[in-house]
Amino acid sequence: MRSYIIILTVILLAVVLNLPSQYRPFYRDLSLKLGLDLSGGVHLVYQADTSALPDSDRAAAVEATRTNIERRVNSLGVSEPIIQTSKVGSDYRLIVELAGITDINQAISLIGQTAQLEFRATQVATPSSAADFTSIGLTGRDLRLAQVQFNGGKIAGQPVVSLEFSSEGAKKFADITSKSIGQPLAIFLDDRLVTAPTVQSVISDGRAVISGNFTPDEAKKLVIQLNAGALPIPIHIIEQRNIGATLGVESIHKSLVAAAVGLVVIWLFMIVNYGLKGFLADLALVVYILIFLALIKLIPITLTLAGIAGFILSIGMAVDANILIFERMKEELRWGRPLKAAVELGFHRAWTSVRDSNASSLITAGLIFWFGTGSVRGFALTLAVGILVSLFTSITVTRTLLRLIYAR
Amino acid sequence: MHVNFIKYKWLYFGISLLVLIPGVFSLIKYGLRLSIDFTGGTLLEISNIQSPISNIQDLAKKQDLELSSIQPSQDNTYLLRFKQLDKDQNEKFKSALGKDVVEKRFESVGPVVGAEMAKKALLAVILASLAIILYIAWSFRQIPRPYSPWKFGISAVVALLHDALVVLGLFSLFGHFYQVEIDALFVTALLTVIGFSVHDTIVVFDRVRENLPKMYNKPFPEIVDFSLILTLTALLLFGGETIRWFVVALLVGIVSGTYSSIFNAAPLLVLWESRKK
């Protein structure tokens, strides 16, 4: 009884998750995520040159650069860009993936620019637009580092943003603050206003604090923006892969045809070889596909061309376990066991080899995931998910169906 | 499937050698043709080129580009490989080729990234082999006496090496004759094949283990991996161009895995086990 409930619940869940969103009782974006090789786009890997910075500031500088790239990419209107940092040995890398982008060269030149941070003063009593501020010769180069601090403010524990200027910058800053007490001093990043705190007093030691009712997140965000200008690091492309969108569409069509053909062949193969049992295994395979698709959307796993190959491969694996089991049953029957006992023994005897053989494939899937990126990882993930789901469908679902038929 | 695999064992071993020897020879003589994933470099696929190959070569020379090879793929489409090409050089080169050319693919990998990838790939293959050998040792640990887990394990490893060498050897030949390259996807296929090789051997040995005392002429019923071979063939015939060689590597490896489990590992084991008596 218990297995019926589990199976029916799982199937129901899988069906619901696969429904188009307007028929689903809840909303969550469950559209299939297509990898770059299917959607077309560009994959870029940048090397960040952090050699001019002390070790302690490097991670902050790379993070600031990443956020800055993200902001610029968003201005291009790319949907769901992926911008990641990675550390290889002592090198920092930035991985940028832009799906569906048409003007790749524009994106590359936009990403490659270093951030321009600038302090600007105003003569207007109540400035209303960026045009009211004018440059005063204090830039990101004069700022050494921005940090979040929790004990510098008036209220204990309230986060503030501390600025540390270079000695050159400290002189300029002392000069500027002495002239503009009570006035706002604006900070611009790439010509966009970031913040405009009011100067409270003359600051001559090059250490300023921006207080305000920051939440810790807001303070952190501001620090990252300031550091993009304070710790500018040159980046250059060390890997670029452009994938044309037409190639992707073609690939999807062909893969779908291949999957359909593979499926039909497997269905026929099982029915021809194992009759009713084969048909039940085919039903289990339908359940397998439903669960697999639901999981891919739910986790979510980005579907790549190699990932689809992994899926098609896993269809074969799903019935492979059934074949082992059915052959065992045939053998038990040959030795004169009654049908019901043969069914149970078939599953029981085949289980160890099904388990052991799938475990070896899981080990390699794990290593492939570790080794690869992008499309390769897609393959490892679909293979691993496929193996786990197929264990459930080819054992639990098929056995329940067989018991249902042969129990009487 | 009724296989008298002891009577014809030398035939089965012979067939394996027939496939292995040319491959291993090619591996030693020609090696593997590594793609830019591992060597670094630039791959440019352009279509709609009206000028002949010699013109393309001249143009590359004139612009001081290190063009290492030109390979025609479909009609009017060429795969060009450069030592390294940045985006400005690429634009200049394409516009010189004519305004109608269409860039289908542009891939550029720095030498450092390539070298890292190569190192990682090698490490992955070594780790996978070690992990699998450990796994074999673990899964055969409880074989009842008088059978030796070592014999089971070593036979499985021999089958694994067989499968890896078949795939590597064949792709060395493909590389030499059809310019097929070893890329990250190939390494993925190789790792998958290593996993499946053991998968098959475990299934077959499970039967051998039960039948050892009486198995000399027993029919061998399992159709190991036949369903996988079916689906992969569908993928090969109907799937896209881009992953064709990936699928070929998987298919060759899995066919070899099935073959080596039934026709090499099992007879080897039976031969070995029976010798001591």
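In this numbering scheme, every chain counts its residues from 1 along its sequence in written order. Labels follow written order: the first chain is A, the first ligand is 1, and so on. Only residues with pLDDT of 70 or above have their local features reported here, since the model is predicted, and side-chain atom pairs are shown and tallied only from 80 upward, although totals for entire chains, interfaces and linings are computed over all residues.

- In the annotation of an unreviewed UniProt entry, the entry for chain A reads Protein translocase subunit SecD, and the organism field reads Candidatus Amesbacteria bacterium GW2011_GWC2_45_19.
- As stated in UniProt under Subcellular location (unreviewed entry), the record for chain A gives "Cell membrane". UniProt positions are given in the numbering used here, feature names are shortened, and annotations may be inferred rather than shown by experiment.

### Notes on the overall build of chain B
Piece 1. Numbering of helices and strands starts at the N terminus; helices are DSSP runs of H or I of at least 4 residues and strands are runs of E of at least 2. Looking only at helices and strands, one finds nine helices and four strands in chain B.
Piece 2. Starting at the N terminus, the α and β elements of chain B follow one another as α-α-β-α-β-β-α-β-α-α-α-α-α.
Piece 3. Burial is judged by counting other C-beta atoms within 10 Å of a residue's own C-beta: 20 or more means buried, 12 or fewer means exposed, and anything between counts as partly exposed, with every C-beta placed from the backbone. Counting across all 277 residues of chain B, residues that qualify as buried make up 44%.
Piece 4. Each residue gets a C-beta atom placed from its backbone, and two residues are in contact if those atoms lie within 7 Å. At a minimum sequence separation of 6, the contacts of chain B that also span at least 24 residues come to 79%.

### Focus: the UniProt feature "domain: Protein export membrane protein SecD/SecF C-terminal" (unreviewed entry) in chain A
Piece 1. Using the residue numbers shown here, the UniProt feature "domain: Protein export membrane protein SecD/SecF C-terminal" (unreviewed entry) corresponds to residues 236-405 of chain A.
Piece 2. Between the end C-alpha atoms of residues 236-405 of chain A the distance is 65 Å, and the span holds 88% helix and 5% strand.

### Here we look at the domain arrangement of chain A
Residues and elements named next belong to chain A.
Piece 1. An automatic or database domain assignment supplies the start and end points of every domain. Domains assigned within chain A are domain 1 (2-28 + 244-406), domain 2 (36-114 + 235-242) and domain 3 (117-230).
Piece 2. The centre of domain 2, based on its C-alpha atoms, is set 27 Å off from the matching centre of domain 3.
Piece 3. Counting residues at the interface gives eight residues for domain 2, matched by four residues for domain 3.
Piece 4. Amino acid classes used here: Ala, Val, Leu, Ile, Met, Phe, Trp, Tyr, Cys and Pro are nonpolar; Asp, Glu, Lys and Arg are charged; the rest, including Gly, are polar. Here the residues of the side of domain 2 that touches domain 3 sort into three nonpolar, three polar and two charged.

### A word on the interface of chain B and chain A
Piece 1. With 53 residues of chain B at the contact, the number on the chain A side is 53 residues.
Piece 2. Those elements that place two or more of their residues in the side of chain B that touches chain A are β4 (102-109), α5 (111-139), α7 (184-211), α8 (226-238) and α9 (244-275) of chain B.
Piece 3. Tallying contributions element by element places α7 of chain B first for the side of chain B that touches chain A, with 14 residues.
Piece 4. Partitioned by chemical class, the residues of the side of chain B that touches chain A number 32 nonpolar, twelve polar and nine charged.
Piece 5. DSSP calls a pair of strands paired once it identifies at least 2 bridges connecting them. For strand β11 (residues 235-243) of chain A and β4 of chain B, the ladder comprises five bridges, and the chain directions are antiparallel. Note that in β4 of chain B the partner of Arg241 of chain A across the bridge is Glu107 of chain B.

### Points about the sheet that holds strand β3 (residues 78-82) of chain B
Piece 1. With antiparallel pairing, eight strands are arranged side by side in an open sheet as β2(A)-β3(A)-β1(A)-β11(A)-β4(B)-β1(B)-β3(B)-β2(B). With one partner strand each, in any of the chains shown, β2 (82-88) of chain A together with β2 (67-72) of chain B form the two edges of the open sheet. Strand-to-strand twist across the sheet, computed as the mean angle between neighbouring axes with direction ignored, equals 20°.
Piece 2. In the sheet, strand β1 (residues 41-48) of chain A pairs with strand β3 (residues 91-99) of chain A via eight bridges, with the strands oriented antiparallel. Looking at the pairing, Gln47 of chain A lines up with Arg93 of chain A of β3 of chain A. Axis lines are fitted through C-alpha atoms, for helices just across the contact stretch, and the angle between N-to-C directions can take any value from 0 to 180 degrees.

### Digging into the pairing of strand β9 (residues 192-195) of chain A
Piece 1. Here strand β8 (residues 185-189) of chain A pairs with β9 of chain A via three bridges, running antiparallel. Residue pairing across strands places Leu189 of chain A opposite Arg192 of chain A, the latter belonging to β9 of chain A.

### Topic: the domain arrangement of chain B
Piece 1. Per the domain assignment, the segments of chain B are domain 1 (9-35 + 112-275) and domain 2 (41-109).
Piece 2. Between domain 1 of chain B and domain 2 of chain B, the C-alpha centre-to-centre distance is 38 Å.

### Structural notes on helix α6 (residues 149-178) of chain B
Piece 1. Expected span of a helix, by definition, is 1.5 Å for each gap between consecutive residues, and there is one gap fewer than residues. Under the 1.5 Å per step criterion, the end-to-end length of α6 of chain B is 43 Å for 30 residues, consistent within 8% with the ideal 44 Å.
Piece 2. Looking one or two places after α6 of chain B, you find Gln179 of chain B, whose phi comes out positive at around 60°.

### Details of the packing of helix α3 (residues 55-75) of chain A against helix α6 (residues 216-230) of chain A
Residue and element names in this part refer to chain A.
Piece 1. Running from N to C, α3 and α6 cross one another at 100°; their axes reach a closest spacing of 8 Å. Here α6 runs roughly perpendicular to α3, going by the angle between their axes. Contacts between α3 and α6 involve Ala60, Ala61, Glu63, Ala64, Thr65, Thr67 and Asn68 from the former and Ile224, Asn227 and Ala228 from the latter.
Piece 2. A per-class count over the contact of α3 with α6 returns five nonpolar, four polar and one charged. Each angle receives one of four descriptions, namely roughly parallel if under 35 degrees, roughly antiparallel if over 145, roughly perpendicular if within 65 to 115, and oblique otherwise.

### Some points on the sheet that holds strand β10 (residues 207-210) of chain A
All names here are of chain A.
Piece 1. If you walk across this open sheet you meet the three strands as β6-β7-β10, and the pairing is antiparallel. The open sheet has two edge strands with one neighbour each: β6 (143-149) and β10. For this sheet, the mean angle separating the axes of adjacent strands, direction not counted, is 20°.
Piece 2. Sheet analysis places β6 next to strand β7 (residues 160-165), joined by six bridges and oriented antiparallel. By the bridge assignment, Val148 is partnered in β7 with Val161.

### Topic: the environment of Arg349 of chain A
Piece 1. Within the secondary structure, Arg349 of chain A sits in helix α9 (residues 339-371).
Piece 2. C-alpha of Arg349 of chain A to C-alpha of Ile325 of chain A: the two residues are 24 residues apart in sequence and 7.9 Å apart in space.

### Considering the nonpolar core
Piece 1. Within the largest apolar cluster, 178 residues are counted, with the highest numbers of intra-cluster contacts made by Ala309 of chain A together with Val167, Leu190, Phe246 and Leu250 of chain B.
Piece 2. With 17 residues, the single largest contributor to this core is helix α8 (residues 305-334) of chain A. Core membership is restricted to buried Ala, Val, Leu, Ile, Met, Phe, Trp, Tyr and Cys residues, and these are joined into a nonpolar core through C-beta atoms within 7 Å.

### Observations concerning unusual backbone geometry
Trans is the common state for peptide bonds, and a negative phi is the common state for residues other than glycine.
Piece 1. Note that the residue after Ile299 of chain A, namely Pro300 of chain A, is joined by a cis bond; omega there is -20°.
Piece 2. Looking at where Pro300 of chain A falls in the secondary structure, it is placed in the loop between α7 (245-298) and α8.
Piece 3. At Asp191 of chain A, a residue that is not glycine, the phi angle is positive and equals roughly 65°.
Piece 4. Asp191 of chain A gets classed as exposed once you count the C-beta atoms within 10 Å, which come to 8.
Piece 5. In this model, Gln179 of chain B sits at a positive phi of 60°, which is unusual for a non-glycine residue.
Piece 6. Within the secondary structure, Gln179 of chain B sits in the loop between α6 and α7.
Piece 7. A residue is classified by how many C-beta atoms lie within 10 Å of it, and Gln179 of chain B, with 12 of them, is exposed.

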